[in-house]
Amino acid sequence: LLDAGTCYQEAKRVLHAAVPDRLHARERETGIIRQFLQEHVCERQPGSLYISGAPGTGKTACLSRVLLDCKDELAGSKTIVLNCMSLSSPQGIFPAVAQQLGLPAAAGREGVRRLEKQLTAQGPMVLLVLDELDQLESKGQDVLYTLFEWPQLPGSRLVLVGLANALDLTDRSLARLGAWPAGSPQLLHFPPYSREQLTTILQERLRQVAGDPVLDAAALQFCARKVSAISGDARKALDVCRRAVEVVELEVRSQTLLKPRSSGE
């Protein structure tokens, strides 16, 4: 019983949405992010990258993986990663960045000016990663404009990477930036995962569990087909499979507990 129990625990563990060593079907996107960081952070060229894609398409996982893999190359620069969901308002991004740069917090225009002065002064490159960038949409889009204009400032040492669910955030909100010669951010879109890709992701995760497969191939196919039809969200597929493992585990446990005693005992 212990072995069976351990194998279910293991299966549930590998089905969690942690960052895997290798991201299946995202080799192209990983390569583009890596090249962008190489060309901008390592070669001291300010710039911005806008990553879009529906939830669960691997945006954050991919970027986290690249940041881990490129730790040594990025060691000479300052990396700041902020999730915009944690801010109480779009304007809250400025004091949050100031704090990460060791600046005293100053509100409003003064705070922004102080940040701009800091980011155009001599020093190491600053890589600013903003996840859930959609949260910074505001009236007139001033917050987003300000952030995406920073890499354009003379002497800027900022490289900005924004991640958002909306594909058209830049068209909708940052159209003015297109007027700058080098103003528009580089765009990278993560398409939803296909049924085949989701099946492979689930198989690769469950292959890490020793012994007989906990869920059979047909169950994985079924889950991948359902999720790809609705959203192509890998997190959702992992969740569904984790719940399925819990169901199997409960069934096995109740059968073991209720097993009739054989007459030979």
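For the structure, check the block above.
Scoring rules and cut-offs
- Residues numbered from 1 in each chain as written.
- Predicted model: local features only at pLDDT ≥ 70, side-chain atom pairs only at ≥ 80, totals over all residues.
- Heavy atoms only, no water.
- Pairing = 2+ DSSP bridges.
- Helix = DSSP H or I, 4+ residues; strand = E, 2+ residues; numbered from the N terminus.
- Axes fitted to C-alpha atoms, helices over the stretch in contact; angles between N-to-C directions.
- Core = buried A, V, L, I, M, F, W, Y, C linked by side-chain atoms within 4.5 Å.
- Buried < 20%, exposed > 50% of the residue type's maximum accessible area, 1.4 Å probe, protein only.
- Salt bridge = Lys/Arg side-chain N within 4 Å of Asp/Glu carboxyl O.
- Parallel < 35°, antiparallel > 145°, perpendicular 65-115°, else oblique.
- Left-handed = near helix turned anticlockwise from the far one by under 90°.
- Contact = heavy atoms within 4.5 Å.
- Disulfide = S-S within 2.5 Å.
- Nonpolar A, V, L, I, M, F, W, Y, C, P; charged D, E, K, R; others polar.

(A) Summary view of the sheet that holds strand S2 (residues 78-83). Pairing is parallel in the open sheet, where five strands are placed in the order S2-S3-S4-S1-S5. Here the strands that pair on one side only, and so sit at the sheet edges, are S2 and strand S5 (186-190). Across this sheet, the average inter-strand angle for adjacent strands is 15°, counted without regard to direction. Both strand S3 (residues 126-131) and strand S4 (residues 158-164) contribute to a ladder of five bridges, which runs parallel.

(B) Just the nonpolar core, in detail. Ranked by size, the top nonpolar core spans 30 residues in total, and within it Ile 93, Leu 128, Leu 130, Leu 133, Leu 136 and Leu 147 carry the most contacts. Elements supplying a minimum of two residues to this core: S2, helix H4 (93-100), helix H5 (108-119), S3, helix H6 (142-149) and S4. A per-element tally of this core places H4 first, with five residues. Within the second largest apolar cluster, 23 residues are counted, among which are Val 14, Ala 25, Leu 198 and Val 209.

(C) Structural detail: the pattern of salt bridges. Applying the stated criterion to the full structure yields 13 salt bridges. The residue Arg 13 makes a salt bridge to Glu 10 at a minimum N-O spacing of 3.0 Å. Placement of both Arg 13 and Glu 10 in helix H1 (residues 2-14) is noted, with a separation of three residues, approximately one turn of the helix. Residue classification places Glu 10 among the partly exposed positions, given a relative accessible area of 28%. A salt bridge links Arg 34 to Asp 69, with the shortest nitrogen-to-oxygen separation between them at 3.1 Å. Separated by 35 residues along the polypeptide, Arg 34 in helix H2 (residues 27-42) and Asp 69 in helix H3 (residues 59-69) bring together distant segments of the chain. Relative accessible area serves as the criterion here: at 38%, Asp 69 is assigned to the partly exposed category. Look at the salt bridges and you will find they share partners, linking Lys 12, Glu 249 and Arg 253 into a network.

(D) Focus on the packing of H2 against H3. One way to put it is that H2 packs onto H3 with a least axis distance of 10 Å and a crossing angle of 50°. As far as their axial angle goes, H3 and H2 are oblique. As H2 packs across H3, the resulting crossing turns out to be right-handed. Judged by residue contacts, Thr 30, Ile 33, Arg 34 and Leu 37 of H2 engage Cys 62, Leu 63, Val 66, Leu 67 and Asp 69 from H3.

(E) Quick peek at the state of the cysteines. Evaluation of the coordinates by the stated rule reveals zero disulfides. The structure places no disulfide on Cys 223, whose sulfur is separated from the nearest cysteine sulfur, that of Cys 241, by 3.8 Å. Under the relative-accessibility criterion, Cys 223 is labelled buried at 5%.

(F) Quick peek at unusual backbone geometry. In this structure, Ala 25 is a non-glycine residue whose phi angle is positive, near 65°. With respect to the secondary-structure elements, Ala 25 resides in the loop between H1 and H2. Positioned with a positive phi, Arg 44 is a non-glycine residue whose angle comes to about 55°. Within the secondary structure layout, Arg 44 lies in the loop between H2 and strand S1 (47-53).

(G) Summary view of the packing of helix H9 (residues 217-230) against helix H10 (residues 234-257). Running from N to C, H9 and H10 point in directions that differ by 140°, and their axes come no closer than 10 Å. Taken together, the axes of H9 and H10 are oblique relative to one another. When the axes of H9 and H10 are compared, the crossing they make is right-handed. Across from Leu 220, Cys 223 and Val 227 in H9, the residues of H10 making contact are Lys 236, Ala 237, Val 240 and Cys 241. Class assignment of the residues belonging to the contact of H9 with H10 gives a composition of six nonpolar, no polar and one charged.

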